[in-house]
Structure formats: structure tokens, C-alpha cells
Amino acid sequence: MVSKKVDISKLRESEKKYGKSHNRFTTEEVPKYSFPENTMSSRTVYQLIHDELNLDGNPDLNLATFVTTWMDPEADRLIMENLHKNFIDHFEYPQVNNIEERIVNILANLFNVPDESDFIGTSTIGSSEAIMLGLLAHKWNWRQERISKGLPHDKPNVVFGGDTHVSWDKFARYFDVEPRIIPIAKDHFTIKAEDVLKEVDENTIAVGVVLGTTFTGEFDPVKEINDLLVKLKKEKGIDVPIHVDAASAGFITPFFEPGFEWDFRLEQVGSINTSGHKFGLVYPGLGWLIFRHQKLLPEELKFYVNYLGDEMPTYTLNFSEGSSMIIAQYFNIMHLGKRGYEQIVDKMMGNASYLASRLQESGEFQVTNTTRHIPVVTFTFSREEDFTLFDLSYRVRERGWIVPAYSLPPHAENVTVMRVVVRENFTRDLVDIFVDDLLNAKKALRGGSIKTSQRSAREGHPVS
Ligand SMILES: *Cc1c(COP(=O)(O)O)cnc(C)c1O
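Calculation notes
Residues numbered from 1 in each chain as written. Predicted model: local features only at pLDDT ≥ 70, side-chain atom pairs only at ≥ 80, totals over all residues. Heavy atoms only, no water. Pairing = 2+ DSSP bridges. Helix = DSSP H or I, 4+ residues; strand = E, 2+ residues; numbered from the N terminus. Axes fitted to C-alpha atoms, helices over the stretch in contact; angles between N-to-C directions. Contact = heavy atoms within 4.5 Å. Near = heavy atom within 4 Å. Polar contact = N/O pair within 3.5 Å; in protein donor to acceptor, adjacent residues only side chain to side chain. Areas by Shrake-Rupley, 256 points an atom, 1.4 Å probe, with all protein chains shown as cover. Nonpolar A, V, L, I, M, F, W, Y, C, P; charged D, E, K, R; others polar. Right-handed = clockwise from strand over helix to strand, strands pointing away. Phe/Tyr/Trp six-rings, centres within 6.5 Å; stacked < 30°, edge-to-face > 60°. Buried < 20%, exposed > 50% of the residue type's maximum accessible area, 1.4 Å probe, protein only. Parallel < 35°, antiparallel > 145°, perpendicular 65-115°, else oblique. Left-handed = near helix turned anticlockwise from the far one by under 90°.

Colleague: Whenever I open this one, the sheet that holds strand β12 (residues 405-407) confuses me. Can you help?
Modeller: Backbone-to-backbone hydrogen bonds join strands into a sheet, with any given pair of strands oriented parallel or antiparallel. In space, the four strands of this open sheet follow the order β10-β11-β13-β12, with antiparallel pairing throughout. Bordering the open sheet on either side are β10 (365-367) and β12, each of which pairs with just one other strand. Within this sheet the neighbouring strands show an average axis-to-axis angle of 40 degrees, counted without direction. Pairing geometry for strand β11 (residues 376-381) and strand β13 (residues 416-421), over four bridges, is antiparallel. Bridge assignment links Val-377 to a residue of β13, and that residue is Val-420. Helix α10 (residues 324-361) rests against β10, β11 and β13 of the sheet, and its axis sits at about 140 degrees to β10. Helix α11 (residues 389-396) contacts β10, β11, β12 and β13 of the sheet and is inclined by roughly 35 degrees relative to β13.

Set out below in C-alpha cells:
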């Protein structure tokens, strides 16, 4: 962090001279690094911050993110109406708490819990918190089991692939569990079931399975991993739960591929997380965690607080939390229903396929993710160029598009891809404009001519 002193006395002087609401000829520095001594009018401050934030990218053109950037105006209204309610104040705001419980029920059913009266779950800030809490419960259960058998319990490990999100590595480090990371397969960028089994032993608290991976959107082979773990349980008595990281697929697969078995229909799946703020179609930050059975969440990890009124159990890392996104999730569920989510998912998947085919047909790009379970398209150049995908990413930014280029995890680290997450507001029309812009940008990098309308001020300068 930088620190710098700024004198705001001039700003205040001109406020005095021209009135508090003036903001037409502001020529003074604004306080950035130290707490200002005095007040400034809310209008001036609003304008200053508003103008500065214009430098941020346009969220609607941000093809990098999985996270929702558009909601219905009525959802926006409910969000604004409830911004001042702290979710943790269950006693004061019992209806928000009821709504959260309803959503936990709805998701448990959507994920096919075997017993509709025996599951437990919670809302979280996002999938990261949900993953930490899920794995923490598994760690606890594993330790209790070891203690009860008089066995050592000082070397827990957690098995997951190199294709997982960074939150898995975070869990391992923060909660002191050995991470056993399986390298991804070179040919299809996910892990193989038999490789998982090689790492599992009596000290394994859980196996992580990702649907779909942040890198290519593909699915780890959840059913095969489940079947091998069932076999292990039967043959050796080692019972290892699966935690499914369905951050992105949790609100896609139940609608797009309802027959696909990935959830509590699989015997070893003990817990599932999903991000409400991804394809749950809610703004950040909202996640969900569901346990297959109540007994999987140890009593010792629940905290009962009574100083806000009633005795209420909580299982979260954070205490205070906003209520609005939980309410917004309920809005979507009620408003869209299964049909609505199905239609939106179909539309996104359709636009993703369209994007993939346009890229492929251009002859300029090679689409690299072969199976498509979630609306994510990754691609690379169809042949070697003397510029990189990073250059291209930088170049299309001139048109406002934010689209990342990155290299894949170990064992495929020499593969660089670009990734587009096709969200609800990335319509077919925008797909066409985007692909044209991408092709133009590539041509420009190659030194060819581009359409005048797209010639930018940087034209003629080398792009590194
Ligand atoms: C996004 C994502 C996460 C992290 O989720 P947040 O909701 O951003 O905390 C974890 N795992 C996967 C597979 C993801 O896609």
C-alpha cells in the first residue's frame, strides 16, 4: 500500500466559494491516503467517486466472470429495500431466516437428498466459505472417528485435482490439512478416477470433485470416483465422503441434464456447495452448502447465540452478513421456477455452442473444451502466431471486452487458453459482435488492415 498526504483545504475552500453542490470545475486533489479532517458535501463526494469508478470495466462486457451482473428490476428493488438488515439477527428478522431455510430445503431437494427430513445446510458468502465449512465438518468427523477407535489423528489429508479452485488450497493451508493434489490429465484437463484412489487412505477426510472446473468448465468424473470409493468402503472399510464443488454447475446441471447423476443420488456424496451468485443468477456474494445428513455437521461446530434474542444455531465463518442476496435468491426461485431456469440455461448453452462454432469456423481459433456441461468456451489460436493470446486479450479490451487468457494447471501448463463465460446477458447478437471484434483484433495484431470504425487511438503503436 502507498501512503501519501493530500491537502484538501483547497477543495473545501472552493466548496465555500461556489457552494456545496458545485462540481463542475473541480481542480483540487481528493483525499486518498489519510482520513480527511473535515466534511465535504455528499453531492461532491458522490460525483467524485462516481466519476472515478467509470474507469472500471463494464460488467456486462466482462466475459471473464461467472458472477451475475444483471437481475430483474424487481429483484433490484427487493435488494435495496433490505440492504439494512443484518442476516445474523435472526430474532429481529425472522422472515429472512425463514426464507434462508426454505432455500436450503429447495436446494436439498433439487440435489436429491435421500431423506427429505434429514439434511442440513446454510447460506454463505460464496462457494469459498461453503467449501471451507464443508471440509471442516469432514475433518472433524474424521478426527472423532479416529479418536473413538484410539487411532492417531494428527495427519489428515484431503484429495483433490489440480483443476480445483484456489479455495481448496486455501482450506488445506488455513485448516492445516495435507493437500494431495492429483495432476490433471493432459488430454482432457480433468482428473481421472483411478488416480484419485491412489491418493486416498485412512487419513483422508474427503475427496474433492469439481463440476465444472474454473479452467475449462469440464467435469471431474464424479460417478466413477463415487463408485471406486464405494468399492473401497466395502472392501477395506475406509469410508471417505465426497465434497462436490458445484460452484458453477449446481444451478445448471439439475436443469440442463436432469438425468446426470452427480449429487446426493451418489452414495459417497456427503456435501455440496454452489454459488448463488453464479448461475443462481444473484449478485455477489452468496453461496450455499448442503449436507446429505444432519449428523455430518457435528454438534460441536454449531454455535448457539442468544444475545440477539432467541437461541439460534449458526455455522458460518463470518458473523454479520447482508440479507439482500438471500432474498434475491428466493425471488429468482419463485419468479423463474424450474421452467424459467431451464429456459435461461438452454439459452446460455445455445449461445455457448454458437460462440464455439463461430470461433471454430473462422479458421483462426481452436476450441479446446470438448464436453460442454456449463456455458463456458475455451479456445486458443488454430496455429502458431508471433503474438500471444495475452496480446489478443489486451487488444480486444480496446472495444470494452474483458476476456482473460491464462495457462492451464500443471501437466498442461504449456497450454494457454482464452475463456468466455456465456452468461444470461451475453446474447447471440453480442456473440456476433464479440467474434467480429476478436477477428479484427487478431488481424490488427498481424499487421493487416482493420475497419476504420474500429481503429483506435493506439493504432500504429506496437502492442506488447
Ligand atoms: C467460483 C468458484 C469457486 C469460488 O466460489 P466463490 O463463490 O467465488 O467463493 C470455487 N470453486 C469453483 C469450481 C468455482 O467456479
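Colleague: Is there a simple way to think about the site of the ligand in this case?
Modeller: Around the ligand sit 13 residues, and of these Ser-127, Ser-128, Asp-245, His-277 and Lys-278 come closest. In the model, an oxygen atom of the ligand is placed 2.8 Å from a nitrogen or oxygen of the Ser-275 side chain. Contacts to the ligand include Lys-278, whose side-chain N or O atom sits 2.7 Å from an oxygen atom. Summarising the interface, the protein chains cover 89% of the accessible area of the ligand, which totals 380 Å² for the free molecule. With three residues, helix α5 (residues 127-148) is the largest single contributor of residues to the shell around the ligand. Class assignment of the residues belonging to the shell around the ligand gives a composition of three nonpolar, eight polar and two charged.

Colleague: Before we go on, may I ask you to explain the pairing of strand β3 (residues 178-182) in this structure?
Modeller: Each regular strand displays side chains that alternate between the two surfaces of the sheet. Relative to β3, strand β2 (residues 157-161) runs parallel, the two being bridged by five bridges. Residue pairing in the sheet places Val-159 in a bridge with Arg-180 of β3. With helix α6 (residues 166-174) bridging β2 and the parallel β3, this β-α-β connection has right-handed handedness.

Colleague: Is there a simple way to think about the environment of Pro-258 in this case?
Modeller: Its place among the elements puts Pro-258 in the loop between α9 (253-256) and β6 (269-275). C-alpha separation for the pair Pro-258 and Leu-110, spaced 148 residues apart in sequence, amounts to 9.7 Å. With near-sequence residues (within four places) excluded, Pro-258 lies in contact with Thr-253 and Arg-265.

Colleague: What exactly am I supposed to notice about the packing of aromatic side chains here?
Modeller: Pairs of aromatic rings are described using the distance from one ring centre to the other and the angle between the two planes. Scanning all chains against the criterion turns up 15 aromatic pairs. For the pair Phe-160 and Trp-168, a centre-to-centre distance of 5.4 Å together with 50 degrees between the ring planes defines the contact as tilted. The residues Phe-160 and Trp-168 share a single accessibility class, namely buried. Measuring from ring centre to ring centre gives 5.2 Å for Trp-401 and Phe-434, while their planes differ by 75 degrees; the resulting arrangement is edge-to-face. Placement of Trp-401 in the loop between α11 and β12 and of Phe-434 in helix α12 (residues 428-446) is noted, with a sequence separation of 33 residues between them.

Colleague: Explain the packing of helix α3 (residues 73-81) against α10 to me, please; I cannot follow it from the model alone.
Modeller: Axis angle and axis distance: for two packed helices, these are the angle between their axes and the distance between the axes, and together they describe the pair. The geometry of α3 relative to α10 is characterised by a closest axis approach of 8 Å and an angle of 150 degrees between their N-to-C directions. Taken as axis vectors, α3 and α10 run roughly antiparallel relative to one another. Here α3 and α10 pass one another in a crossing that is right-handed. Residue-level contacts link Glu-74, Ala-75, Leu-78 and Ile-79 of α3 to Ser-324, Met-325, Ile-327, Ala-328 and Phe-331 of α10. Each residue belonging to the contact of α3 with α10 can be placed in one class, and the counts come to seven nonpolar, one polar and one charged.

Colleague: I'm lost on the sheet that holds strand β5 (residues 242-245) in this one. Help?
Modeller: The sheet built from seven strands is open, its strands ordered β1-β7-β6-β5-β4-β2-β3 with mixed pairing. Bordering the open sheet on either side are β1 (120-124) and β3, each of which pairs with just one other strand. Here the strands of the sheet are splayed against their neighbours by 20 degrees on average, with no regard to which way each runs. Pairing analysis gives four bridges linking strand β4 (residues 204-210) to β5, with the strands arranged parallel. Looking across to β5, one finds that Val-210 is bridged to Asp-245. Each of β1 and β7 (287-291) is contacted by helix α4 (residues 94-110), which is oriented at about 60 degrees to β7, the strand it contacts most. In the packing of α5 onto the sheet, the strands contacted are β1, β2, β4, β5, β6 and β7, and the crossing angle to β7 comes to about 25 degrees.

Colleague: Hey, could you run me through unusual backbone geometry in this one?
Modeller: Along the chain, Leu-211 connects to Gly-212 via a cis peptide bond; the corresponding omega equals -20 degrees. Mapped onto the elements of the fold, Gly-212 is located in the loop between β4 and α8 (222-236). Residue Gly-285 follows Pro-284 across a cis peptide bond; omega there is 0 degrees. Within the secondary structure, Gly-285 sits in the loop between β6 and β7. Positive phi outside glycine occurs at Leu-281, with the angle close to 70 degrees. Mapped onto the elements, Leu-281 comes out in the loop between β6 and β7.

These values are about where atoms sit, not about what they do.
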